[in-house]
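Commentary on secondary and tertiary structure
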Amino acid sequence: AKRWIILEVGIGGEYDPTNIIRNTKTVGITTIGIDHTSILGTTLEDIAWQKSGIVKERANVFTGVKQELCLKIIKQRCNEKKANLLEIPHVNLDNWTTKEVVKINTPLSVCLAYDWLTRTTKNKINGIGINILSNQNNFHKFLSTVLKQLENFQFPGRCQNVKIRNLNFYLDGAHTIESIILASRWFIESTKGSSNEKVLVFNLTGDRDPLKLMKVLYENCKLSLVCFTPNTPYIDDDLNSNFNNFSEVDKMKNVTEIAESCRNNFKLNSMVFTHILKVFEYISKRFGNEEVDVLVTGSLYLIGATLVALEKFSSNTRFE
């Protein structure tokens, strides 16, 4: 029997561990931004060269990358490996979703899935021939079918809405300039017409610059309060050991430094907390019965810890 796998890269690059898999026929490169600079490089061109290191010989390659210089580098590397860089058909998803990240990634995902199907089956799906890339009409028919299935799709921590008590949570693991811009647009669009107070819960990890990310959020989201917190759901030694290897002292030191840096550069009404549950209890108490829109972003680790903290928060259990 045939075996096949959908494999997500690590950081994704020339030296990514997943490159041990050599016989990859369908490859996707989503978007490129300044991230993991200590490994991938400090310029978009350097990062594009590294990212296209996952391309394999004679593979079909699809990408959501838009920057011309980056596309040029990806094309050069595809030529070197005799791979085919194929264009993703243009599609307007404005009437289907307001989530920019979904608009960017859905056509790419469809191309990846059906490119593989083209290679492995001669059957038709829903009466439509599967060689979608040779015909724009076929692609749109397939996309229409896929969108019906995607309507109920949930991706925890990416454009996720949760309502508990008087708090409307907007969770997104954005941690680069490009993704923070998309997350802020999603938050603004989602709360359009709302007179609720806007609160940001923020942290970030790695070698990322907090000022660049905070500048986007500060200038666009009309924030009443910014809450800085480590990636700690609540105070429980057994639980917190599962989230990262840093001590609570180290995590608080890091968060305090981030908070001070942001305060010195922006006029923030801000506070620092020792854990995420304490943030949510404070916001709920401070604003009483008023509804509050709470954006949690800056780190995937923060989102993971937040989802755990929300379980405690929804149970009305108070931890000090």
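The structure under discussion appears in the preceding block.
Now for a look at the structure at hand. (Residues numbered from 1 in each chain as written. Predicted model: local features only at pLDDT ≥ 70, side-chain atom pairs only at ≥ 80, totals over all residues. Heavy atoms only, no water.)

**Details of unusual backbone geometry**
Its identity is not glycine, yet arginine 58 carries a phi of approximately 60°, on the positive side. Assignment of secondary structure puts arginine 58 in the loop between helix H2 (44-51) and strand E2 (60-63). Given a relative accessible area of 52%, arginine 58 falls into the exposed group. Positive phi, close to 50°, is recorded for lysine 222, a residue that is not glycine. (Helix = DSSP H or I, 4+ residues; strand = E, 2+ residues; numbered from the N terminus. Buried < 20%, exposed > 50% of the residue type's maximum accessible area, 1.4 Å probe, protein only.)

**Considerations on a nonpolar patch on the surface**
On the surface, a cluster of nonpolar side chains totalling about 430 Å² of accessible area is made up of Ile5, Leu7, Ile20 and Ile21. Mapped onto the secondary structure, leucine 7 falls in the segment before strand E1 (26-29). (Patch = residues over 30% accessible without salt bridge, like charges linked within 9 Å, V, L, I, M, F, W, Y side chains within 5 Å. Areas by Shrake-Rupley, 256 points an atom, 1.4 Å probe, with all protein chains shown as cover. Salt bridge = Lys/Arg side-chain N within 4 Å of Asp/Glu carboxyl O.)

**Here we look at H2**
Of all the residues in H2, the buried ones are Ile47, Ala48, Gln50 and Lys51. Down the axis of H2, the smallest arc covering the buried residues is 165°, so these residues share one side. (Arc of directions from axis to C-beta.)

**Some thoughts on the packing of aromatic side chains**
The tally for this structure, following the rule as stated, stands at eight aromatic pairs. Plain terms: the ring middles of phenylalanine 202 and phenylalanine 228 are 6.2 Å apart, the flat faces sit at 90° to each other, and that makes the pair edge-to-face. Residue phenylalanine 202 is found in strand E6 (residues 197-202), and its partner phenylalanine 228 is found in strand E7 (residues 225-228); the two are separated by 26 residues along the sequence. Given a relative accessible area of 0%, phenylalanine 228 falls into the buried group. Cluster of aromatic residues (ring-pair linked, three or more members): Phe169, Phe280 and Phe313. (Phe/Tyr/Trp six-rings, centres within 6.5 Å; stacked < 30°, edge-to-face > 60°.)

**Thoughts on the sheet that holds E1**
Strands sit in the order E1-E2-E3 across an open sheet of three strands; the sheet is parallel. Edge positions in the open sheet fall to E1 and strand E3 (84-85), since each of these has one partner strand only. Pairing of E1 with E2, which is carried by four bridges, proceeds in the parallel orientation. Bridging from a neighbouring strand, valine 27 pairs with valine 61 of E2. (Pairing = 2+ DSSP bridges.)

**A few points about the pairing of strand E5 (residues 167-171)**
The buried fraction of E5 is high, at five of five residues. Residue alternation in E5 divides its side chains into two sets, Leu167, Phe169 and Leu171 and Asn168 and Tyr170, and both sets are buried. Where strand E4 (residues 160-164) meets E5, five bridges bridge the pair, whose relative direction is antiparallel. Bridge pairing links glutamine 160 to leucine 171 in E5. Taken together, E4 and the strand that follows it, E5, pair antiparallel across an intervening segment of two residues, in which arginine 165 is found at a positive phi of about 55°. When E5 meets strand E9 (residues 292-297), the two strands line up parallel, connected through five bridges. Counterpart to leucine 167 in the pairing with E9 is valine 292.

**What about the pattern of salt bridges?**
Proximity of charged atoms lets side chains of opposite charge pair with each other. For the structure shown, the criterion picks out eight salt bridges. Residue glutamate 14 is joined to arginine 77 by a salt bridge in which the shortest nitrogen-to-oxygen separation is 2.9 Å. Highlighted residues: glutamate 14 in the segment before E1 and arginine 77 in helix H3 (residues 68-80), separated in sequence by 63 residues. For aspartate 172, the salt bridge identified is with arginine 158, shortest N-O distance 3.7 Å. In this pair, aspartate 172 is assigned in the loop between E5 and helix H6 (177-190) and arginine 158 in the loop between helix H5 (136-150) and E4, connecting sequence segments 14 residues apart. Relative accessible area serves as the criterion here: at 4%, aspartate 172 is assigned to the buried category.

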